[in-house]
Each structure stands twice: as C-alpha cells, then as structure tokens.
Amino acid sequence: MSTWANLGLQDSASPLMEQLIFFHDHALLILVMITVLVGYLMFMLFYNNYINRFLLHGQLIEMIWTILPAIILLFIALPSLRLLYFLDEINEPSVTLKSIGHQWYWSYEYSDFNNIEFDSYMVPTNELATDGFRLLDVDNRIVLPMNSQIRILVTAADVIHSWTVPALGVKVDGTPGRLNQTNFFINRPGLFYGQCSEICGANHSFMPIVIESVPVNYFIKWISNNMNS
Ligand code: CUA
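Predicted model only: the values in this text are computed from it and were never measured.

Conventions used here
- Residues numbered from 1 in each chain as written.
- Predicted model: local features only at pLDDT ≥ 70, side-chain atom pairs only at ≥ 80, totals over all residues.
- Heavy atoms only, no water.
- Helix = DSSP H or I, 4+ residues; strand = E, 2+ residues; numbered from the N terminus.
- Contact = heavy atoms within 4.5 Å.
- Buried < 20%, exposed > 50% of the residue type's maximum accessible area, 1.4 Å probe, protein only.
- Phe/Tyr/Trp six-rings, centres within 6.5 Å; stacked < 30°, edge-to-face > 60°.
- Lys NZ or Arg CZ within 6 Å of the ring centre and 35° of its normal.
- Axes fitted to C-alpha atoms, helices over the stretch in contact; angles between N-to-C directions.
- Parallel < 35°, antiparallel > 145°, perpendicular 65-115°, else oblique.
- Nonpolar A, V, L, I, M, F, W, Y, C, P; charged D, E, K, R; others polar.
- UniProt positions renumbered as here; feature names shortened; annotations may be inferred.

(A) Representation of the environment of Leu135 in the model. Inspection of the secondary structure puts Leu135 in the loop between β3 (116-120) and β4 (142-145). For Leu135 and Pro124, which are 11 residues apart along the polypeptide, the C-alpha to C-alpha distance reads 7.3 Å. Here Leu135 is in contact with Met122, Gln195, Ser205, Phe206 and Pro208, once residues within four sequence places are set aside.

Here you go:
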C-alpha cells in the first residue's frame, strides 16, 4: 500500500504493473525531453535579433516540425498498444474470483470452489485494531494464491463501481448488467490494498479492497476450510 510521502506509483506486485511502470517512465522521459527543448526555444526567443520583413514561409522547417512530432508520438503509441494487449490477455487462469460492487461494499464469489461467497465491508474507525489501516482495512479479505494466474470477473448490483488495486495494475469497472474480465499474476506474498475508483455515491470512499496473497498450499487450506463450513 501507499504510505507517507509516496507520491509516485506503488511498488509493483505483478508483471503487468511492472510493465505499466516501465511505460510510465518511458513516456515521462519523452515528455521531459520535449519540455526542455520547447522551454529552451521559448527562452531563446527573448534574445532573438534576427528579423526578416519578407519571410512568410519556410517549407523545409515546416515539414520537419510536422513529421518529427508524429514520429515521436509513434514511440509512445506502439509501446502503449503492446501494453494494452498484454493487459487484455487471459493466460489460462487457475483461479477465478468474481467481485460484485454494491453501495457501499464489495462481495466476492469463488465460483470454482463450491461457490464460496462473502461480503467485504470496511472496518469503521472506532472498531479498528491498533495495527489496522484507517479507511483501508476490511472485515473479510480476499485470499488468493501467489505465483498463479488469476482471473477476476467484475460486475455491480446497483451503480457503477471500479475494482482497483494499484500494486497489481488492475482497474476494472463493475457495471450493472455486464461482466467485465481481467487477469493478473501476484508475484509475492503480502497484503495488497485497493479502493473503488468510480464515483459511486455518498460513501464511495468507504469500500476498500484487501487481497491477502499467500502460497498455494495455504490457499488450498483456506479454501477447504471454507468449503466445509
Ligand atoms: Cu463503489 Cu466508488
């Protein structure tokens, strides 16, 4: 999760988020180069003494400053498309989790495992444990196996919500009457926090997401415990 003074992206916990960070840095580098160049040119205009009353057009320079930005845009567009298709790829998932947005909580279904289902509410501040995170912890966490391909199906029961976990690079809208799909791979154990990112009403800020990423044998144990009850 994000802590104090972390104004940038969170550390990635999935290969897709790693790629998203690489792309962000790449785009930012191009942005800085353009800003420096244009800033330099604008600053130098203050000291420009060359004036030509009869200069109305320059075919060559206009060709250059039209085509050059188009080529630069290609260097952003092509990696962006590559990433777009990576994010859409479903790599034979071993677990499918269905998450349903409600006003204002998430509910989850493990459809592969005897349809385990539960609601996940934010823990109110006055009931928070001493080591709990305010506005971020929930009463029932999602448990998922690490190092496995996971498919997530997102929908909503009332208005549009958005299932968003920054460390995993996942952000999918839950829309009533639709079933959206995405896919991720968690490459380390730990807790990963997220929040709803679609303005869904008065308590929009109070429907966080917590994923507990565990080794596969722990996940199997958790699943079998919950299937018996
Ligand atoms: Cu649900 Cu915002």
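What follows picks up the thread again.
(B) Up close: the environment of Ile67. Note on placement: Ile67 falls in helix α2 (residues 59-88). In this structure Ile67 comes out as partly exposed when scored by relative accessible area, which is 43%. Residues Ile67 and Glu117, spaced 50 residues apart in sequence, show a C-alpha to C-alpha distance of 56 Å.

(C) Structural context of the packing of aromatic side chains. This model, assessed by the stated rule, comprises 12 aromatic pairs. Where Tyr108 meets Phe118, the ring centres are 5.8 Å apart and the plane angle is 45 degrees; that geometry is what we call tilted. Taken together, the residues Tyr108 in strand β2 (residues 105-110) and Phe118 in strand β3 connect sequence positions 10 residues apart. Residue Tyr108 is classed as buried on the basis of its relative accessible area of 1%. Each member of the aromatic cluster is reached from another via a ring pair, and the members are Tyr108, Tyr110, Phe113, Phe118, Phe219 and Trp222. Residue placement shows Lys221 over the ring face of Tyr218; its charged tip is 5.8 Å from the ring centre.

(D) Structural view of the packing of helix α1 (residues 15-44) against α2. Running from amino to carboxyl end, α1 crosses α2 at an angle of 170 degrees, the nearest separation of the two axes being 11 Å. One way to sum up the angle between α1 and α2 is to call them roughly antiparallel. Residues Leu16, Gln19, Leu20, Phe23, His26, Ile30 and Ile34 of α1 pack against Ile72, Phe75, Ile76, Pro79, Ser80, Arg82, Leu83, Phe86 and Leu87 of α2. Taken together, the residues that form the contact of α1 with α2 break down as 12 nonpolar, three polar and one charged.

(E) Geometry of the UniProt feature "transmembrane region" (unreviewed entry) in the chain. Within the UniProt annotation, "transmembrane region" (unreviewed entry) is assigned to residues 27-51 and 63-87. The straight-line gap between the two end C-alpha atoms of residues 27-51 is 36 Å; of that span, 72% is helix and 0% is strand. The distance separating the terminal C-alpha atoms of residues 63-87 is 36 Å; by composition the span is 100% helix and 0% strand.

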